[in-house]
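# Geometric and topological summary
Residue-level listing of the chains:
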Amino acid sequence: MKKTVIGFSAAALFCAAGLAGAQDYPTRAIRVIVPLTPGSGADIAGRIVAKYMSDAFRQPVLVENRPGAGGIIGTQAMLNGTPTATR
């Protein structure tokens, strides 16, 4: 649970930094991976953060739930995903 809170805090900071950051980034949809079941507290918080990120970046933000194995499946999905930054 502590890692989830840290992850959402980092997402909120990323959202705030994005307002002052690059002009054309991001250019495609953003995926937020929640390593818990739909309807959980972390899922609800992730969807709230995704709404604000979508408004700030003017890009769709997709919340993807990957529950199981104590969060390992969601973490592996994040590690094996395609990178979005091309700097």
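The structure under discussion appears in the preceding block.
All residue numbers refer to positions counted from 1 along the written sequence of the respective chain. Local features are withheld for residues below a pLDDT of 70 in this predicted model, meaning they are given only at 70 or higher, and side-chain atom pairs are given and counted only at 80 or more; totals for whole chains, interfaces and linings count all residues. To obtain the side-chain values, all non-hydrogen atoms of the structure were used and water was disregarded.

## With respect to the overall build of the chain
To be explicit about the condition: Under the scheme used here, helices are H or I runs from DSSP no shorter than 4 residues and strands are E runs no shorter than 2 residues, and both carry numbers assigned from the N terminus. Between two residues, a contact is recorded if the distance between any of their heavy atoms is within 4.5 Å. Residue-level accessible areas treat just the shown protein chains as cover; the underlying method is Shrake-Rupley with a 1.4 Å probe.
Broken down by element type, the chain carries 3 helices and 2 strands. Put simply, the chain runs from its N terminus to its C terminus through helices and strands in the order α-β-α-β-α. Put simply, 75% of the contacts in the chain that link residues at least 6 apart link residues at least 24 apart. On the chain, roughly 6100 Å² of surface is accessible, and the fraction owed to carbon and sulfur atoms is 62%.

## Overview of the pattern of salt bridges
Heads up, the condition is: By salt bridge we mean one thing: a side-chain nitrogen of Lys or Arg within 4 Å of a carboxyl oxygen of Asp or Glu. For the exposure calls, accessible area comes from a 1.4 Å probe over protein chains only, and a residue counts as buried if that area is under 20% of its type's maximum, exposed if over 50%, partly exposed in between.
Using the criterion set out here, one finds 4 salt bridges in the structure. Close ionic contact of K51 with D55 constitutes a salt bridge, the shortest N to O distance being 2.8 Å. With K51 and D55 both in helix α2 (residues 41–57) and 4 residues apart, this pair spans about one turn of that helix. For the salt bridge of R66 with E64, the shortest nitrogen-to-oxygen distance reads 2.7 Å. Exposure remark for R66: the relative accessible area of 32% places this residue in the partly exposed category. One connected set of salt bridges, linked through shared partners, spans R31, E64 and R66.

## Examining the pairing of strand β2 (residues 61–65)
The condition that has to hold: Clockwise travel from the first strand over the helix to the second, with the strands pointing away from the viewer, marks a crossover as right-handed.
Of all 5 residues making up β2, 4 are buried, and the element is well covered by its neighbours. Between the parallel elements strand β1 (residues 30–34) and β2, the chain passes through α2 in a crossover that is right-handed.

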